[in-house]
Amino acid sequence: MILFNKYRLLLLLLVIVLSGTGLHAQEQATPKNGEGIELFLKRFGREGAESRKAFIQLNKGKFGKNYSLLRGVKYTLPPQTAGMPKTKTSDSTKAKAAAPSTAAAAPARKNYQPLFGKALANYQVTSSELKGACFYLVSGHGGPDPGAIGKMNGHQLHEDEYAYDITLRLARVLLEKGAKVHIIIQDAQDGIRDEQFLKNSKRETCMGNTIPFNQVSRLEQRVNMINSLAKKDKEAYKRAIFLHIDSRSKHQRTDVFFYHQQQKAASKQLAKTMKETFAHKYRHHQPGRGFSGTVEGRNLYVLRHTTPTSLFVELGNIQNAYDQQRFILSNNRQALAKWIAEGFIKDYQQVKKKKK
């Protein structure tokens with residue numbers, strides 16, 4: 001089978017080389033912002049490992065790290081092979097009807113985000129509280145890295161799955177408040193889920209790009225994606241948030257805590273505002289319990305290298321039975337998303353007030 005696939009790839013490349021009109025007759029197109037190779041090729045009816053390999057061969061020297069696609073670069077498309085669905089478009093300008101998989105790409109339909117799942121893909125903008133604000137949402141780990149793993153009633157709780165679900169919920173709330181939202185880590189199948197025990201997968205991508213196994217490469221990939229998007233975005237208020245779930249001793253119960261960029265006063269202020277928001281919510285919903293979440297500056301890679309004002313959030317201890325209730329119950333995941341959104345709204349209002 002491997003030998004057969006190699007012959008098919010060689011045959012595909014041979015067709016390109018021996019084409020009477022040469023490479024100049026091959027279709028060319030420019031990727032949408034945030035598109036990876038797989039999604040880019042799929043948009044033009046080229047799917048599968050052979051097309052990917054041929055595409056890389058045809059466009060040597062035109063890629064970023066980990067074969068990421070570069071903005072504004074025209075890429076040569078490999079010819080369609082037998083059995084592939086034929087595309088109705090010849091270039092990127094004719095592919096406007098293609099449904100994007102990322103929040104960065106132009107939406108196929110207004111107020112529609114397919115990453116939320118069929119039932120929740122449509123959303124309504126209910127206020128303008130965050131109009132003029134732009135957010136970059138990153139759920140921790142993903143792809144080959146599940147992050148921290150807890151156990152409950154014979155089920156494994158993977159950090160990346162629960163952080164991703166909360167991130168999607170946060171994205172939807174922010175969009176409903178009029179914000180622009182980029183969902184950096186994505187799973188095209190999951191959508192927002194209400195189950196207690198979320199199924200584990202390795203499908204997550206960085207806006208369509210395969211997430212590398214190496215930890216530094218993973219962090220660099222998502223930071224570069226945020227910084228690239230931020231250069232294009234015109235909004236004055238830009239905030240990035242990294243959502244994680246910590247792993248500590250089973251007996252150690254923790255509240256949500258926040259890490260800010262050490263050299264950015266705006267990041268520290270955002271962290272303080274988030275903590276105050278959560279403390280207020282606990283006083284209202286669980287009077288007498290108290291809130292012990294903390295704010296601290298940390299020299300984490302993503303905080304050090306991300307251009308927009310950023311916040312790193314640990315949502316609790318995935319090993320602790322009490323903290324696990326914060327993650328496995330969909331109502332609690334929704335509450336976390338709403339409270340974080342409220343923190344952003346307060347921070348945005350404070351920033352606007354200072355500028356007046």
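> I'd like a description of the overall build of the protein chain, backed by residues and values.
The secondary structure content of the protein chain amounts to 9 helices and 13 strands. Counting every position in the protein chain, which comprises 356 residues, the buried fraction comes to 50%. The contacts in the protein chain between residues at least 6 apart in sequence include a share of 74% that link residues at least 24 apart. Total accessible area on the protein chain is roughly 17,900 Å²; 53% of this is exposed by carbon and sulfur atoms.

> Can you explain the packing of helix 4 (residues 159-176) against helix 9 (residues 330-355)? Please cite residues and give values.
Here helix 4 crosses helix 9 at 50°, and the two axes come no closer than 8 Å. By the angle between their directions, the pair helix 4 and helix 9 is classed as oblique. Read as a crossing pair, helix 4 and helix 9 show a hand that is right-handed. Between helix 4 and helix 9, the contacting residues are Tyr162, Asp165, Ile166, Arg169, Leu170, Val173 and Leu174 on the first element and Ser330, Arg333, Gln334, Leu336, Ala337, Lys338, Ile340, Ala341 and Phe344 on the second. For the contact of helix 4 with helix 9, a count of residues per class yields 10 nonpolar, 2 polar and 4 charged.

> How would you sum up the packing of helix 6 (residues 265-285) against helix 9? Please name residues and give values.
The interhelical angle for the contact between helix 6 and helix 9, taken along N-to-C directions, is 130°, at an axis separation of 9 Å. Taken as axis vectors, helix 6 and helix 9 run oblique relative to one another. Where helix 6 crosses over helix 9, the handedness of that crossing is right-handed. Between helix 6, through Gln269, Leu270, Thr273, Met274, Thr277, Phe278, Lys281, Tyr282 and His285, and helix 9, the contact on the second element is made entirely by Leu336, Trp339, Ile340, Glu342, Gly343, Phe344, Lys346, Asp347 and Gln350.

> Could you give an account of the pattern of salt bridges, with specific residues and numbers?
Per the counting criterion, the structure on display carries 20 salt bridges. The partner of Glu176 in a salt bridge is Arg172, with the nearest N and O atoms 3.0 Å apart. Of this pair, Glu176 and Arg172 both sit in helix 4, 4 residues apart, which is roughly one turn of the helix. Note that Asp255 is salt-bridged to Arg326, the shortest N-O span being 3.7 Å. Within this pair, whereas Asp255 is found in the loop between strand 10 (237-246) and strand 11 (257-261), its partner Arg326 is found in helix 8 (residues 321-328), the two being separated by 71 residues in sequence. Exposure class is identical for Asp255 and Arg326. Each is buried.

> So what about the pairing of strand 5 (residues 155-158)? Which residues, and what values?
The pairing of strand 4 (residues 149-152) with strand 5 spans 4 bridges and is classified as antiparallel. The residue of strand 5 that forms the bridge with Met152 is His155.

> Kindly report on the nonpolar core, identifying the contributing residues and their values.
Within the largest apolar cluster, 51 residues are counted, with the highest numbers of intra-cluster contacts made by Leu170, Leu174, Leu315 and Phe344. Broken down by secondary-structure element, the contributors of at least two residues to this core are strand 3 (133-139), helix 4, strand 6 (180-183), strand 10, helix 6, strand 13 (309-317), helix 8 and helix 9. Considering every element that reaches this core, the biggest residue donor is helix 4, with 9 residues. Once residues lying within four places of it in the same chain are set aside, the contact partners of Leu170 are Leu137, Ile241, Leu243, Ala337, Ile340, Ala341 and Phe344. Within the second largest apolar cluster, 20 residues are counted, among which are Tyr136, Met207, Val302 and Phe312.

Reading the values: rules and limits
Residues numbered from 1 in each chain as written. Predicted model: local features only at pLDDT ≥ 70, side-chain atom pairs only at ≥ 80, totals over all residues. Heavy atoms only, no water. Helix = DSSP H or I, 4+ residues; strand = E, 2+ residues; numbered from the N terminus. Buried < 20%, exposed > 50% of the residue type's maximum accessible area, 1.4 Å probe, protein only. Contact = heavy atoms within 4.5 Å. Areas by Shrake-Rupley, 256 points an atom, 1.4 Å probe, with all protein chains shown as cover. Axes fitted to C-alpha atoms, helices over the stretch in contact; angles between N-to-C directions. Parallel < 35°, antiparallel > 145°, perpendicular 65-115°, else oblique. Left-handed = near helix turned anticlockwise from the far one by under 90°. Nonpolar A, V, L, I, M, F, W, Y, C, P; charged D, E, K, R; others polar. Salt bridge = Lys/Arg side-chain N within 4 Å of Asp/Glu carboxyl O. Pairing = 2+ DSSP bridges. Core = buried A, V, L, I, M, F, W, Y, C linked by side-chain atoms within 4.5 Å.

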